[in-house]
Amino acid sequence: MKPFELHNVTCQIGKKPLLEGISLSVEKSDFLGVIGPNGAGKSTLLRLLNATMKPSGGKLSLLGKDLVSASQRDILRLRRKIATVPQIMDFNLSIPLTAREVVEIARIGRNGPGRSLSPIDTAKMEESMELMGISSLANRTFRSLSGGEKQKVQMARVLAQEPDILLLDEPTSSLDMDWQERLVRLIEDIHLKNKFTVVMTTHITGHLPSRCERIVLLKQGRILFDGRFGEALTKENLEKLYDCRVDILSHSGRIHCFGIGAKE
Amino acid sequence: MNFWGNIWFLITAAAIIGGGSIGSLGVYMVGMRLSFIGIVISHAAMAGGVLAYLLGLPVFLTSLGTALLAALVLGWLLNHEIHMESDVMLGILFSLMMGLIFLGMGIVRDDMTPLLGLMWGSLLFVKAQDLAIMVFLSFILVGFLLLFHKEMKSIVFSRTLGIVCGLPVNLVTIIFLVLSAGIITANLNMIGGLLIYSLLSCPAASAYTIGKNMRAILILSSIFGMLSAGVGLAVSFGFDLPTGACITLTSVFIYGMALLWRKFNPGDG
């Protein structure tokens, strides 16, 4: 069973198409990078993949389940196996939840409604927080943490969920340079140790870890290129993707792309 | 127990149970930044009361019916992306309810006292049957919180996070709103539709100001709700003042005290 398969998937809100004719599938433990400019449809693709949106057309199979015909109960079950770090999170920071309580949300969802947390849940939460190096922050309120610490709590939360698929929507976007780099290494480490399927979107090529074997370039809701890391991130492809002149620099197995002016 | 003993037992019990249960609801409504939901539901119950008066229907059941209808509409709107700010959506529903209430009051030509009672409330109108309903609904609220406090806490913190983690956000929200409709309607006679908003927002706001965690906030908000209703009632009786107004002003006074407490005891943020 493939983690997900999309066949000619279309997605639109009203008459506005967000994704058109997307066909894509991954194997278990793959690391897929999705790159595209703002408005390319990256977040919409992730919303389809975490079952918070249904396609308008085509076929989408998630963990062997057809999303279009899935019942609400099936959708909830799917979401419990798919961990997401959304780009925009509506955290209500007036609520004094501790870091541990934020991590706990993953286990509450995983267990299903109305169930108490078991010692296994607690052990998994502690293990996840230890892996992320935030055990000492567990009893601090989430709102009192720095941006980087909050992102680590989020990563501990997705680890505690023990997902089959991990979706990361521009996870480095709100971090400073130091934390961006630390997070990229953290994501690499998580993938190496856990072997679950990872899909990461970004518009910064240099933030894709070297473990990302496959890249999809997305532009205006369509796949511009789908292939191996080195083949996808070429000067020619990136100039087509961003509609500007670019220069690329390869460093430590990662490819950094710079805009150097408008196309002539 | 003599007649007055019975009456005061009823009034005191109603004040404490009503204040406590509405104070608990407020924690989640204020937490979801949707405290205006309470005023929409209470006005829907008032509109039901006016309708019942006009058509000669049972007041409680009609008020409960319209409050439940409003709760279900609110739940549907919250659970669907309707591309409108939630306060605008609530404002429109509130306007609809106010329009219906004043239309009904305009049609009624005779004694308006029962209708004004729905607006301002009075503990002196509380009957044993009202108290029994309030106790029953409070038990359901406690059961709901024992089962779903974890889920509600998560949804209040981040609805998006709840959804992506597979929590049944829509279902829990609907159950909460339906329960709120029942509790608000049961308390309509006591506090009145216009003033119930203060009991939903002030005790919860006070609890959020000084509470260190969600459990403490929930307990504090219930206690502040009980205190607002209990002290408000005593002041009302002692100085022969309107009960609803005294309860409201007491809840605002408690909020002022909570702000002072916070000023002199800043927490870890």
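Scroll up for the structure.
Now for a quick tour of the structure. Quick caveat: nothing in here was measured; it's all calculated off a predicted structure.

Let's shift gears to the overall build of chain B. Each helix and strand in chain B was counted, giving 12 helices and zero strands. Reading chain B from its N end, one meets helices and strands in the order α-α-α-α-α-α-α-α-α-α-α-α. Its C-alpha radius of gyration of 18 Å places chain B within 12% of the 18 Å reference for a compact globule of 269 residues. Viewed in the frame of its principal axes, chain B has a C-alpha envelope of about 55 × 45 × 30 Å. Sorting the 269 residues of chain B into buried and exposed places 55% on the buried side. If you take every contact in chain B between residues at least 6 apart in sequence, the share linking residues at least 24 apart comes to 77%. Element-wise, carbon and sulfur atoms account for 75% of the exposed surface of chain B, whose accessible area totals about 11,800 Å². One way to put it: in chain B the 10 positive side-chain charges average out to a point 12 Å from where the 9 negative ones average out.

Looking now at the pattern of salt bridges. Pairing is possible between side chains of opposite charge, provided their charged atoms come close. All names here are of chain A. Counted by the stated rule, this structure contains 20 salt bridges over all chains. Between Arg77 and Asp74 there is a salt bridge, with the nearest N and O atoms lying 4.0 Å from each other. Linking Arg77 with Asp74, this pair stays in helix α2 (residues 72-81), spanning three residues, or about one helical turn. Look at Arg77 and you get partly exposed, because its relative accessible area is 44%. Looking at Asp74, the relative accessible area reads 17%, which means it is buried.

A word on the layout of surface pockets. Any empty space left between atoms is shown by rolling a water-sized probe over those atoms. Approximately 680 Å³ is the volume found for the second largest pocket. Forming the boundary of the second largest pocket are 26 residues, of which Leu145(B), Leu146(B), His149(B), Arg215(B) and Leu218(B) lie nearest the centre. When contributions to the lining of the second largest pocket are tallied by element, the ones reaching two or more residues are α3 (99-111) of chain A together with α1 (3-31), α6 (128-157) and α11 (214-239) of chain B. When residues in the lining of the second largest pocket are grouped by element, the largest group, 11 residues, is from α6(B). Split by residue class, the lining of the second largest pocket holds 13 nonpolar, eight polar and five charged.

Turning to the sheet that holds strand β1 (residues 4-13) of chain A, a few remarks are in order. Residues and elements named next belong to chain A. Ordered in space as β2-β1-β4-β5, the four strands form an open sheet in which the pairing is antiparallel. Bordering the open sheet on either side are β2 (16-26) and β5 (65-66), each of which pairs with just one other strand. Sheet topology note: the β1/strand β4 (residues 57-62) ladder contains five bridges and is antiparallel. Along β4, the bridge assignment pairs Phe4 with Leu62. Set on the sheet, helix α1 (residues 42-49) makes contact with β1, β2 and β4; between it and β1 the angle comes to about 120°.

Two descriptors summarise a pair of aromatic rings, namely the distance from one centre to the other and the angle between the planes of the rings. Scanning the entire structure with this criterion turns up eight aromatic pairs over all chains. With a centroid separation of 4.9 Å and 65° between ring planes, the pair formed by Phe91(A) and Phe142(A) is classed as edge-to-face. Of the two residues, Phe91(A) is situated in the loop between β6 (82-85) and α3 and Phe142(A) in the loop between α4 (119-131) and α5 (147-160); the sequence distance between them amounts to 51 residues. Measuring from centroid to centroid gives 5.7 Å for Tyr28(B) and Phe176(B), while their planes differ by 75°, and the two rings are edge-to-face. Residue Tyr28(B) is located in helix α1, and its partner Phe176(B) is located in helix α8 (residues 169-186); the two are separated by 148 residues in the primary sequence.

Turning to the interface of chain B and chain A, a few remarks are in order. In this complex, chain B contributes 30 residues to the contact, which on the side of chain A involves 40 residues. Summed over both partners, the interface of chain B with chain A buries about 2,800 Å², with 61% contributed by carbon and sulfur atoms. Its largest share of buried area at the contact with chain A, chain B owes to Phe157(B), Val164(B) and Cys165(B), together 25% of the area lost on that side. If you look at where chain B meets chain A, you find two salt bridges. Lys153(B) is paired through a salt bridge with Glu101(A); the nearest N and O atoms lie 3.0 Å apart. For the interface between chain B and chain A, the tally reads six residue pairs in polar contact (both at pLDDT 80 or more). When contributions to the side of chain B that touches chain A are tallied by element, the ones reaching two or more residues are α6, α7 (159-164) and α11 of chain B. Looking at side-chain class alone, the side of chain B that touches chain A contains 13 nonpolar, nine polar and eight charged residues.

This next bit is on a nonpolar patch on the surface. Residue and element names in this part refer to chain B. Where nonpolar side chains cluster on the molecular surface, the patch consists of Leu51, Leu54, Leu55, Leu57, Leu96, Leu100, Leu103 and Ile107 and spans about 720 Å² of accessible area. Listed by contribution, the elements that provide at least two residues to the nonpolar patch are α2 (36-55) and α4 (86-107). Sorting elements by how many residues they give to the nonpolar patch places α4 first, with four residues. Turning to its location among the elements, Leu57 is positioned in the loop between α2 and α3 (59-79).

Soluble globular proteins tend to bury their nonpolar side chains together. Core analysis: the largest hydrophobic core is formed by 132 residues, its most contacted members being Met155(A), Ile215(A), Ile37(B), Ile41(B), Phe157(B), Leu161(B) and Phe176(B). The dominant element in this core, judged by the number of residues it contributes, is α6(B), at 12 residues. Those residues in contact with Met155(A) that sit more than four places away from it in its chain are Val85(A), Met132(A), Leu168(A), Leu183(A), Leu186(A), Ile187(A) and Ile190(A). Counting 31 residues, the second-largest nonpolar core is a separate cluster that includes Leu49(A), Met53(A), Ile165(A) and Leu218(A).

The rules behind each value
- Residues numbered from 1 in each chain as written.
- Chains lettered and ligands numbered in written order.
- Predicted model: local features only at pLDDT ≥ 70, side-chain atom pairs only at ≥ 80, totals over all residues.
- Heavy atoms only, no water.
- Helix = DSSP H or I, 4+ residues; strand = E, 2+ residues; numbered from the N terminus.
- Rg over C-alpha atoms; globule rule 2.2 N^0.38 Å.
- Buried < 20%, exposed > 50% of the residue type's maximum accessible area, 1.4 Å probe, protein only.
- Contact = heavy atoms within 4.5 Å.
- Areas by Shrake-Rupley, 256 points an atom, 1.4 Å probe, with all protein chains shown as cover.
- Lys, Arg positive; Asp, Glu negative; His and termini not counted.
- Charge placed at Lys NZ, Arg CZ, Asp CG, Glu CD.
- Salt bridge = Lys/Arg side-chain N within 4 Å of Asp/Glu carboxyl O.
- 1 Å grid on protein atoms, 1.4 Å probe; cavity = no way out; pocket = protein on both sides within 12 Å on 5 of 7 lines; lining within 4 Å.
- Points joined across faces, edges and corners; volume = space filled by probe spheres on them.
- Nonpolar A, V, L, I, M, F, W, Y, C, P; charged D, E, K, R; others polar.
- Pairing = 2+ DSSP bridges.
- Axes fitted to C-alpha atoms, helices over the stretch in contact; angles between N-to-C directions.
- Phe/Tyr/Trp six-rings, centres within 6.5 Å; stacked < 30°, edge-to-face > 60°.
- Buried area = accessible area lost by both parts, 1.4 Å probe.
- Polar contact = N/O pair within 3.5 Å; in protein donor to acceptor, adjacent residues only side chain to side chain.
- Patch = residues over 30% accessible without salt bridge, like charges linked within 9 Å, V, L, I, M, F, W, Y side chains within 5 Å.
- Core = buried A, V, L, I, M, F, W, Y, C linked by side-chain atoms within 4.5 Å.

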